[in-house]
Amino acid sequence: QVHLVESGGGLVQAGGSLRLSCAASGRTFSYFPMGWFRQAPGKEREFVAALNRGGEATYYADSVKGRFTISRDNVKNTGSLQMNSLKPEDTAVYYCAAKTDSGSYDIWYRYNYWGQGTQVTVSS
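Described below are features of the structure shown in this document. (Residues numbered from 1 in each chain as written. Predicted model: local features only at pLDDT ≥ 70, side-chain atom pairs only at ≥ 80, totals over all residues. Heavy atoms only, no water.)

As for the side chain of lysine 99
Looking at the element boundaries, lysine 99 is found in the loop between β9 (92-98) and β10 (113-114). In this structure the side chain of lysine 99 is engaged in a polar contact, spanning 2.7 Å, whose partner is the side chain of aspartate 101. Apart from the residues within four sequence positions on either side, lysine 99 is in contact with Phe32, Pro33, Ser104, Tyr105, Arg110, Tyr111 and Asn112. (Helix = DSSP H or I, 4+ residues; strand = E, 2+ residues; numbered from the N terminus. Polar contact = N/O pair within 3.5 Å; in protein donor to acceptor, adjacent residues only side chain to side chain. Contact = heavy atoms within 4.5 Å.)

Comments concerning the environment of asparagine 77
The residue asparagine 77 is located in the loop between β7 (68-73) and β8 (78-83) in this model. In this structure asparagine 77 comes out as partly exposed when scored by relative accessible area, which is 25%. Here the alpha-carbon distance between asparagine 77 and serine 25, two residues 52 residues apart in the chain, equals 7.2 Å. With residues near it in sequence (within four places) discarded, asparagine 77 still touches Cys22, Ala23, Ala24 and Phe29. (Buried < 20%, exposed > 50% of the residue type's maximum accessible area, 1.4 Å probe, protein only.)

Let's talk about the packing of aromatic side chains
This structure, assessed with the given rule, holds eight aromatic pairs. On the numbers, 5.7 Å between centres and 85 degrees between planes, the contact of phenylalanine 32 with tyrosine 113 is edge-to-face. Here tyrosine 113 lies in strand β10 and phenylalanine 32 lies in the loop between β3 (18-26) and β4 (34-39), a separation of 81 residues in the sequence. Residues tryptophan 108 and tyrosine 109 carry aromatic rings whose centres are separated by 5.8 Å and whose planes lie at 85 degrees to one another, so their mutual orientation is edge-to-face. Among the aromatic side chains, those forming a connected cluster through ring pairs are Phe37, Phe47, Tyr95, Tyr111 and Trp114. It is arginine 45 that lies over the ring of tryptophan 114; its NZ or CZ is 4.6 Å from the centre. Here the guanidinium or amino end of arginine 72 rests over the ring plane of phenylalanine 29, the centre of that ring lying 4.4 Å away. (Phe/Tyr/Trp six-rings, centres within 6.5 Å; stacked < 30°, edge-to-face > 60°. Lys NZ or Arg CZ within 6 Å of the ring centre and 35° of its normal.)

What to know about the side chain of glutamate 6
Topologically, glutamate 6 is positioned in strand β1 (residues 2-7). A distance of 2.8 Å separates the side chain of glutamate 6 from the backbone nitrogen of cysteine 96, its partner in a polar contact.

Some words on the nonpolar core
Of all hydrophobic cores here, the largest spans 35 residues; its most connected members are Leu4, Trp36, Val48, Phe68, Leu81, Met83 and Tyr94. Taken together, the elements giving at least two residues each to this core come down to β1, β3, β4, β5 (46-51), β7, β8, β9 and β11 (118-123). If near-sequence neighbours (up to four positions away) are discounted, phenylalanine 68 is found in contact with Arg38, Val48, Tyr60, Leu81, Gln82, Met83, Asn84, Leu86, Asp90 and Tyr94. (Core = buried A, V, L, I, M, F, W, Y, C linked by side-chain atoms within 4.5 Å.)

Side note on the sheet that holds β1
Ordered by their spatial adjacency, four strands build an open sheet running β1-β3-β8-β7, and the pairing between neighbours is antiparallel. In this open sheet, the two strands that pair with only one neighbour each are β1 and β7. On average, adjacent strands in this sheet sit at an angle of 15 degrees to one another, irrespective of strand direction. Sheet analysis places β7 next to β8, joined by six bridges and oriented antiparallel. Looking at the pairing, serine 71 lines up with serine 80 of β8. (Pairing = 2+ DSSP bridges. Axes fitted to C-alpha atoms, helices over the stretch in contact; angles between N-to-C directions.)

Structure representation (structure tokens):
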């Protein structure tokens, strides 16, 4: 079992930056590929970014590529999502997730563990 807790959300103006953090506890975090997803009101959960167990391979949605950076620290059992050049359409609840298998990083239902989410609001 892995317990995930996100933090770092908030209100920011368009063009600004936020850094989301994901604190993991329970089983060894380095065993699990991790990802970030988001869900806006009335919309389906959407893939944002993911990386493999060691953090060498990263994956991004086209909508955030070049603006967001995913990373992890397996010693501190944390993950993070640096979000730059934020746009109003980035407004959503952001979730940290971990999965037990490799591959299919952009499919939300392949993830076994989820945090409670943190709200990100970008004003125009």
